[in-house]
Amino acid sequence: MKVGVLASGGGTNLQALIDAAARGALGPAKLAVVGVNVDGCGALERARQAGLATFVVDHRAFADRATFDRALVAELRVRQVELLVMAGFMRLVTAELLDAFPGRVINIHPALLPAFPGVDGQSQAFEYGVKIAGCTVHFVDRGRDSGPVIAQTAVCVLENDDEDRLRQRILEEEHRLLPAVVRAIAEGRVTLEGRRVRVRAAIADETRLRSL
Ligand code: GAR
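Trainee: When you look at the pattern of salt bridges in this model, what are you seeing that I'm missing?
Mentor: When charged atoms on two side chains of opposite charge get close, those side chains can pair. Counted by the stated rule, this structure contains 11 salt bridges. Arg70 is the salt-bridge partner of Glu96, the closest N and O atoms lying 2.8 Å from each other. With a gap of 26 residues between them, Glu96 in helix 4 (residues 95-98) and Arg70 in helix 3 (residues 65-78) connect regions that are remote in the sequence. Note that Arg167 and Glu163 form a salt bridge whose closest N and O atoms lie 3.7 Å from each other. In this pair, Arg167 and Glu163 both sit in helix 6 (residues 163-186), 4 residues apart, roughly one turn of the helix. In this structure Arg167 comes out as partly exposed when scored by relative accessible area, which is 26%. By relative accessible area, Glu163 is classed as partly exposed at 25%.

Trainee: Is there a simple way to think about the packing of helix 1 (residues 12-22) against helix 6 in this case?
Mentor: How two helices pack is summed up by the angle between their axes together with the distance between the axes. Axis separation between helix 1 and helix 6 bottoms out at 9 Å; the angle between their running directions is 50°. Classified by the angle their axes make, helix 1 and helix 6 are oblique. Read as a crossing pair, helix 1 and helix 6 show a hand that is right-handed. Residues Thr12, Asn13, Ala16, Leu17 and Ala20 of helix 1 lie in contact with helix 6, whose contacting residues are Leu171, Glu174, His175, Leu178, Pro179 and Val182. Class assignment of the residues belonging to the contact of helix 1 with helix 6 gives a composition of 7 nonpolar, 3 polar and 1 charged.

Trainee: So what exactly am I meant to see when it comes to the sheet that holds strand 4 (residues 83-86) here?
Mentor: Within a sheet, neighbouring strands are paired by backbone hydrogen bonds and run either parallel or antiparallel to one another. Read across the open sheet, the 7 strands follow the order 3-2-1-4-5-6-7; overall the sheet is mixed. In this open sheet, the two edge strands, each paired with only one partner strand, are strand 3 (54-56) and strand 7 (149-156). Ignoring which end each strand starts from, the neighbouring axes of this sheet average 20° apart. As paired strands, strand 5 (residues 105-109) and strand 6 (residues 132-139) are joined by 4 bridges and run antiparallel to one another. Within the sheet, the bridge partner assigned to Ile108 lies in strand 6 and is Val137. Its contacts with the sheet place helix 1 against strand 1 (2-7), strand 2 (30-36), strand 4 and strand 5, and it is angled at close to 160° to strand 2. Of the strands in this sheet, strand 1, strand 4, strand 5, strand 6 and strand 7 are in contact with helix 6, which crosses strand 7 at around 155°.

Definitions and limits used
- Residues numbered from 1 in each chain as written.
- Predicted model: local features only at pLDDT ≥ 70, side-chain atom pairs only at ≥ 80, totals over all residues.
- Heavy atoms only, no water.
- Salt bridge = Lys/Arg side-chain N within 4 Å of Asp/Glu carboxyl O.
- Helix = DSSP H or I, 4+ residues; strand = E, 2+ residues; numbered from the N terminus.
- Buried < 20%, exposed > 50% of the residue type's maximum accessible area, 1.4 Å probe, protein only.
- Axes fitted to C-alpha atoms, helices over the stretch in contact; angles between N-to-C directions.
- Parallel < 35°, antiparallel > 145°, perpendicular 65-115°, else oblique.
- Left-handed = near helix turned anticlockwise from the far one by under 90°.
- Contact = heavy atoms within 4.5 Å.
- Nonpolar A, V, L, I, M, F, W, Y, C, P; charged D, E, K, R; others polar.
- Pairing = 2+ DSSP bridges.

Structure, rendered in structure tokens:
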């Protein structure tokens, strides 16, 4: 299954996918292309270092979100992308993109959705004072971080935590969760029933959350 990745920032989640692919942990998923909207961002550099195909489409060059998305779709189609992964891609997407990859766009979010959607989910959770934070991988729909949840990992907020430490521990879990979900989808183990997502585990692992 050909995977396209969209990113805007440092690209540590992209790196987790690259590393997983290198050790054969993505199953039949193959990273086909990485697209960014911020030229020079860390994700672009990581993709180039890994020898992946890349493209840059700067959203500021487009009149609206739909025309920006059409440009993304054109680039992704060149590489025959079948699964689109938003890994720190900080743009809202439109039907132009979603309809091009129906049921095949996923996103990682640094909070336990539906709590704390939008930007900076980790800070929102920390400021709110929750005791359990975490991360979510979900299918993307037309809402803001509102699509069906595929998998989540919980991260406890410790008494002496500060925002940065919490962010870092959530990020480490993101790096485990995202490749596991990509693999599960590529292996055909993920099905949607209404808005409930069923993930069949190939092998039992030490915890249910890690058994994706
Ligand atoms: C990650 O924490 C990801 O969950 C978050 O951006 C960060 C990107 O880091 N995404 C969102 O907040 C989307 N709403 P990375 O560039 O190092 O992968």
